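# Reading the structure
Here's the letter readout for the chains.
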Amino acid sequence: MRNLFVVIATSIVFFVTFTTVFLGIQDNIYRLPVYFLPNGQIMNVDPKYKEYWGHKISIDDVFYAKDLNSKFNFAEHEVRIYSKNDKLKIGNFFFIHINKTKIVRLFLIDIIASLISFIIAVLFFYSIRDNYIFVFFITLSGLLFTNFLYLAFEQYFSFLVFLLYIIGFMLWNLSYRFRGKEIPTQWTIPQIITSCIMGFIVQTEMDNYEIQVRISAIGLALIFVSTLICIFWNLIDIIRDKNINDISKRKISLLFSLSIILIVPIMFLFSDPLNLLKLDRYFILVFFLAFLGSFIFGTYKYSFVPMQIFFSPTAITLILVGSIVGSYSFVVLLLNKFIHLQILSDTRYFNIFFLFIAIFYLIPLKNTFRTLVNYWSFIKNPQLSSSLDKINLLITSPISVKSVVSTINKSMLDTMNVTQITILIPGDQFPNVDLRNINFTRISSNSDIWNYFQNSKEVTVTAHLAYGVGLRQKLYNYLSDMEIQIAFPIRDTNQKRRNKAILLIGEKIDKQNFSLGELRYIREVSRLTSMLLDNYTLLADEIEKKKIQKKLQLASILDHTLNLLDQPISNKIDIGYFSIPAVEISGDYMDIININHDKIAIFLGDVSGHGLGTGYIVTAIKSVIRELLSSSASLETIFNEINNFLMMKYGGNEFMTLLGGILDISTGQFYFINAGHPNLIILDDNGDMEFYSKTQRVLGILSTDYALQELKILPTQKLILYSDGVTETFGEADSMFGEESLNDFLKMNPGKSASELPLLLQERLDMFRKGKDLSDDSSFIAIKLLS
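## Describing the packing of aromatic side chains
Overall, the coordinates contain 26 aromatic pairs when judged by the stated rule. For the ring pair phenylalanine 15 and phenylalanine 118, a centre distance of 6.0 Å and an interplane angle of 40° mean the geometry is tilted. Here phenylalanine 118 lies in helix 4 (residues 108-128) and phenylalanine 15 lies in helix 1 (residues 2-24), a separation of 103 residues in the sequence. Of the two residues, phenylalanine 15 and phenylalanine 118, neither departs from the other in class, the shared state being buried. Centroid distance phenylalanine 136 to phenylalanine 137: 5.5 Å. Interplanar angle 85°. Geometry classified as edge-to-face. Members of the aromatic cluster, connected to one another through ring pairs, are Phe14, Phe15, Phe18, Phe22, Tyr35, Phe107, Phe118, Phe145, Phe148, Tyr156 and Phe159.

## Digging into the confidence of the model for the chain
Summarising the model, the chain shows a mean pLDDT of 78, and 77% of its residues fall at 70 or more. When pLDDT is averaged over each helix and strand of the chain, the minimum, 32, is found for helix 11 (residues 305-308) and the maximum, 95, for strand 17 (residues 669-675). Throughout residues 301-312 the model reports pLDDT below 50, and contacts reaching past four residues in sequence, or to other chains, amount to 35 contacts.

## Some remarks on the pairing of strand 16 (residues 656-664)
Two faces make up the sheet, and in a regular strand the side chains alternate between them. Within strand 16, 9 of the 9 residues are buried, which leaves the element mostly enclosed by the surrounding structure. Residues Met656, Leu658, Gly660, Ile662 and Asp664 line one face of strand 16 and the alternating positions Thr657, Leu659, Gly661 and Leu663 line the opposite face, and both faces are buried. With 9 bridges connecting them, strand 15 (residues 599-607) and strand 16 associate as antiparallel partners. Paired with phenylalanine 603 across the bridge in strand 16 is glycine 660. In this sheet, strand 17 lies alongside strand 16 in antiparallel orientation, the contact comprising 6 bridges. Pairing of leucine 659 across the sheet is with asparagine 674, part of strand 17. Adjacent in sequence and paired antiparallel, strand 16 and strand 17 are bridged by 4 residues, among which glycine 668 carries a positive phi angle near 80°.

## A look at the packing of helix 7 (residues 188-204) against helix 8 (residues 209-240)
Look at helix 7 against helix 8: their axes get within 9 Å of each other, and the N-to-C directions meet at 165°. Judged by the inter-axis angle, helix 7 sits roughly antiparallel to helix 8. Relative to helix 8, the crossing made by helix 7 is left-handed. Residues Met198, Ile201 and Val202 of helix 7 touch helix 8, and the partners they reach there are Ile211, Gln212 and Ile215.

## Considering the side chain of glutamate 524
Residue position: glutamate 524 is located in helix 18 (residues 516-562). Within the structure, the side chain of glutamate 524 is placed 2.9 Å from the side chain of arginine 527, a separation counted as a polar contact.

## Thoughts on the sheet that holds strand 20 (residues 709-712)
The 5 strands are arranged 14-15-16-17-20 in an open sheet whose pairing can be described as antiparallel. Strand pairing shows two members of the sheet lacking a second neighbour, strand 14 (588-594) and strand 20, which therefore form its edges. Looking at each pair of strands side by side, their axes are set apart by 15° on average, direction ignored. In this structure, strand 14 lies alongside strand 15, joined through 7 bridges in antiparallel fashion. Paired with aspartate 588 across the two strands is aspartate 606, which belongs to strand 15. In the packing of helix 20 (residues 635-650) onto the sheet, contacts are made with strand 15, strand 16 and strand 17, and the angle to strand 16 comes to roughly 160°.

## A word on the pattern of salt bridges
Enumeration according to the criterion identifies 8 salt bridges in this entry. Aspartate 591 is paired through a salt bridge with arginine 626; the nearest N and O atoms lie 2.9 Å apart. Of the two residues, aspartate 591 is situated in strand 14 and arginine 626 in helix 19 (residues 612-630); the sequence distance between them amounts to 35 residues. The salt bridge partner of glutamate 732 is lysine 770, with a shortest N-O separation of 3.5 Å. Of this pair, glutamate 732 sits in the loop between helix 21 (724-727) and helix 22 (738-748) while lysine 770 is found in the loop between helix 23 (757-769) and strand 22 (778-785), placing the two residues 38 residues apart along the sequence. Lysine 770 shares its class with glutamate 732; the two are exposed. Each of the salt bridges in this network shares a partner with another, and the network as a whole consists of Asp685, Lys718 and Lys784.

Parameters at a glance
- Residues numbered from 1 in each chain as written.
- Predicted model: local features only at pLDDT ≥ 70, side-chain atom pairs only at ≥ 80, totals over all residues.
- Heavy atoms only, no water.
- Phe/Tyr/Trp six-rings, centres within 6.5 Å; stacked < 30°, edge-to-face > 60°.
- Helix = DSSP H or I, 4+ residues; strand = E, 2+ residues; numbered from the N terminus.
- Buried < 20%, exposed > 50% of the residue type's maximum accessible area, 1.4 Å probe, protein only.
- pLDDT = per-residue confidence, 0-100.
- Contact = heavy atoms within 4.5 Å.
- Pairing = 2+ DSSP bridges.
- Axes fitted to C-alpha atoms, helices over the stretch in contact; angles between N-to-C directions.
- Parallel < 35°, antiparallel > 145°, perpendicular 65-115°, else oblique.
- Left-handed = near helix turned anticlockwise from the far one by under 90°.
- Polar contact = N/O pair within 3.5 Å; in protein donor to acceptor, adjacent residues only side chain to side chain.
- Salt bridge = Lys/Arg side-chain N within 4 Å of Asp/Glu carboxyl O.

Structure representation (structure tokens):
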């Protein structure tokens, strides 16, 4: 409620500021003290010329008077005035200097009407994001404001005509909306262009009142025809719906508001047959307010539910304001009329005294009214309170979630006498849980409907969406097809601004509206349902974790069973290595394969990601490589086959780096290919290091012809291979081990054997981590030829 008051106050401040600034920049002009339209229809007059109200002035005489006044200032001018039955009067007028304050007083009704339209436009946008009605009332506000500006300053008539046509077209479009059909947006641009052209013609023919009158008449005729079409379709709907219900009442209300709109073109196109132009301007405001009230009721108000949604604050505020105003009036009446104390002789002191008393008792009164509203609407209803107590016990009872949901559903159906209760959840919530036979409905978490619901703070009433377009129309169709009347948000306890689910309530069987107590009951049930979903989420997560843990344990056993490395059959080579997974299953592929007595194949790769999925890919890659080597395939063929396998199997969504080669133990020749893997290092016994950093494209992305590289390993040198998990080990303050630290470690231990280096490096990495978990799989291989 407070936010609503802020929106209204802000709208008023903005409008008043805009009006003040706009009036301030208007030029001071001299004119006759009568305010008329291009056809001569007098719409307002200076108070002392009240007798000419509603008559027509001779435009020719006005032009003549203007011309004469330009030559003889302050001359009195005779102007012909015609009544409705063409009786002639002669009016004697002086040209007067426009006082802007006086102009505001004369046109206060017009300005207020424009302000009210502006506030309603903002409220429609703020409360239900109804863009079309928002634009309609903004346009109406602009039309009323430019009409005032034209009458007062004889300017901006082109804008007035433009808005007149826009209103006509918008009413035409509303005829579709009132039938529940999509507004034909393909006509929007032509409608705007037509309105602009009419405004442009009027602007270029400023001195031709006849053209202005004709174009204005066409605009009024457009409004007349559009309104008749809207009335016709509403009448058809009312006739078809023989039962008087909320929908038909809304249609009747719309019919009344459209009939008021119809009066405007009738007045100007058919010479005011009802003599409405002679009425005081306050009556015009009354008609305008009647139009607004009935139009808003017809397009927005389905029942009292909008005022009752989270309505305790609203109802309490209304009661509080009413009691304070009533108390003030009663005290004033009592002191002045009955006790005859003229305490209001100086109202300032009494008002200040009453204000302090009201502020002092405001909080206690508010709490009292809250208690009363809660008691009479909810607690005093034994059926609602007992049902809620039952649901509260169910939430904490040690029975299955399905049983709890089914019991809650039955209890709510019996208590509120509705057709159905359903909980709407996104598709990614409880993905592995079978929700059949309980009242859950899944919806795609990426759909527009769920995005709307997820961020909605208020209750959604299906009938309010009946005239919506775009997403609102889509949402209306979705809810109406499910026969849902209201949708209550179920808040996410972890993210207060988002909803984790939506409680969908079907229509009441007796076709009545929900009572204040029933809506309070639904709100409490939605809060308890949030607790239930929290418990269910924790339970489902725990079950899923145990399932994953079992899979990892099984996969780890398979990993250690299937992914064994060959032991070298030659005694002329020393090999040391380690491979440490970040989780149970490693995403690093390490393999040493005996080809014959003098040759071994060495592979070290890194599949993107880590865990169960990458473990399966590693096992598959190992199987493919060993199969190809057994058939004497070249390294180039092996890399091309692995590349094709990943692209075909995963379509570029999985990739891997791989360094693989064949070492001739007898000669020390090492032929290898590096596909995006960290550089290969040659470490000499004196600490010198050589880096082979030339790489090619990673595997699994694009077709590539992989080229062979070659180097020779001496007996005084060691071949070093490693994965990026070694250099990307994180320690305190998220510091990274890095390549420099790895190189320093190797330089400090050049004389260590190939089998010793991995153990020493593991100790060094453990010291660096200081108990921090690994962030990536980590692998290392050291190879030295023995003389």
